[in-house]
Amino acid sequence: MEAMTNTIKGWVENPVKFARSHGVSVSPAPDVADHDEQIHILIVEGFLLYNYPPLMDVYNKCYYISVPYEESKRRRSTRQYTVPDPPGLFDGHVWPMYLKHRKEMEDSCFNIKYLDGLKSKEQIYNQVYEDIQNTLLNRL
């Protein structure tokens with residue numbers, strides 16, 4: 001987590017320099033003359049991100065995809081792991097830890113938008129894309 005935090009903060013400090021130092025070419029937006037006016041977006045994904053205080057000050061937008069117990073258990077049971085889950089792992093550990101961490105996240109009073117994990121990936125993508133696009137348009 002510490003290494004990830006340092007990486008994210010390095011990107012926040014100078015996204016263009018960070019990208020170039022990692023071999024990613026950055027092309028300026030054609031309609032933005034001033035490089036300082038360009039908008040850079042970093043997406044950070046992980047299920048415990050909102051429970052890690054050192055990262056709380058870097059987020060501009062937060063989304064959390066919620067999936068109910070039955071669907072979560074069904075999805076987990078269809079995964080193919082190199083070492084399969086031992087019997088009872090989901091009910092005895094995975095789901096209780098999910099509930100624990102979710103409660104901690106909810107108690108943090110952080111501004112998180114909850115998304116319905118039963119919707120299609122395309123629907124979730126479109127919802128997030130539209131929200132980010134609206135935020136950027138309202139900044140101008």
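Here, every reference points to the structure presented above.
Cut-off values and rules
- Residues numbered from 1 in each chain as written.
- Predicted model: local features only at pLDDT ≥ 70, side-chain atom pairs only at ≥ 80, totals over all residues.
- Heavy atoms only, no water.
- Helix = DSSP H or I, 4+ residues; strand = E, 2+ residues; numbered from the N terminus.
- Rg over C-alpha atoms; globule rule 2.2 N^0.38 Å.
- Buried < 20%, exposed > 50% of the residue type's maximum accessible area, 1.4 Å probe, protein only.
- Polar contact = N/O pair within 3.5 Å; in protein donor to acceptor, adjacent residues only side chain to side chain.
- Contact = heavy atoms within 4.5 Å.
- Core = buried A, V, L, I, M, F, W, Y, C linked by side-chain atoms within 4.5 Å.
- Salt bridge = Lys/Arg side-chain N within 4 Å of Asp/Glu carboxyl O.

**Some remarks on the overall build of the protein chain**
Step number 1: Looking only at helices and strands, the protein chain features five helices and two strands.
Step number 2: Its helices and strands taken in sequence order, the protein chain reads α-α-β-α-α-β-α from the N to the C terminus.
Step number 3: Its C-alpha radius of gyration of 19 Å places the protein chain more than 25% over the 14 Å reference for a compact globule of 140 residues.
Step number 4: The principal-axis extents of the C-alpha atoms in the protein chain amount to approximately 60 × 30 × 30 Å.

**A few points about the side chain of aspartate 131**
Step number 1: Residue placement: aspartate 131 occurs in helix 5 (residues 121-139).
Step number 2: The class for aspartate 131 is buried, based on a relative accessible area of 15%.
Step number 3: Here tyrosine 63 takes part through its side chain, which lies 2.4 Å from a polar atom of the side chain of aspartate 131.
Step number 4: Leaving out residues up to four positions away in the same chain, aspartate 131 has contacts with Lys61, Tyr63 and Lys113.

**A look at the nonpolar core**
Step number 1: Ranked by size, the top nonpolar core spans 11 residues in total: Ile8, Leu49, Tyr50, Leu55, Met56, Val58, Tyr59, Cys62, Tyr64, Met105 and Ile112.
Step number 2: In contact with tyrosine 50, other than residues within four places in its own chain, are Met56, Tyr59, Cys62, Tyr63, Tyr64, Met105, Phe110 and Ile112.

**With respect to the pattern of salt bridges**
Step number 1: In this structure the tally under the stated criterion is nine salt bridges.
Step number 2: Taking the shortest distance from any N to any O, the salt bridge between arginine 102 and glutamate 106 comes out at 2.6 Å. Residue arginine 102 and its partner glutamate 106 are both found in helix 4 (residues 89-107); the two are separated by four residues, about one turn of the helix.
Step number 3: Judged by its relative accessible area of 37%, glutamate 106 is partly exposed.
Step number 4: Ionic pairing is found between aspartate 131 and lysine 113, a salt bridge with its closest N-O pair at 2.6 Å. A residue pair is termed long-range when its members are at least 10 positions apart, and aspartate 131 in helix 5 and lysine 113 in strand 2 (residues 113-116) qualify at 18 residues.

**Some points on the environment of glycine 88**
Step number 1: As for its placement among the helices and strands, glycine 88 is situated in the loop between helix 3 (69-78) and helix 4.
Step number 2: The spacing of glycine 88 and tyrosine 50 is 38 residues in sequence and 27 Å in space, taken between C-alpha atoms.

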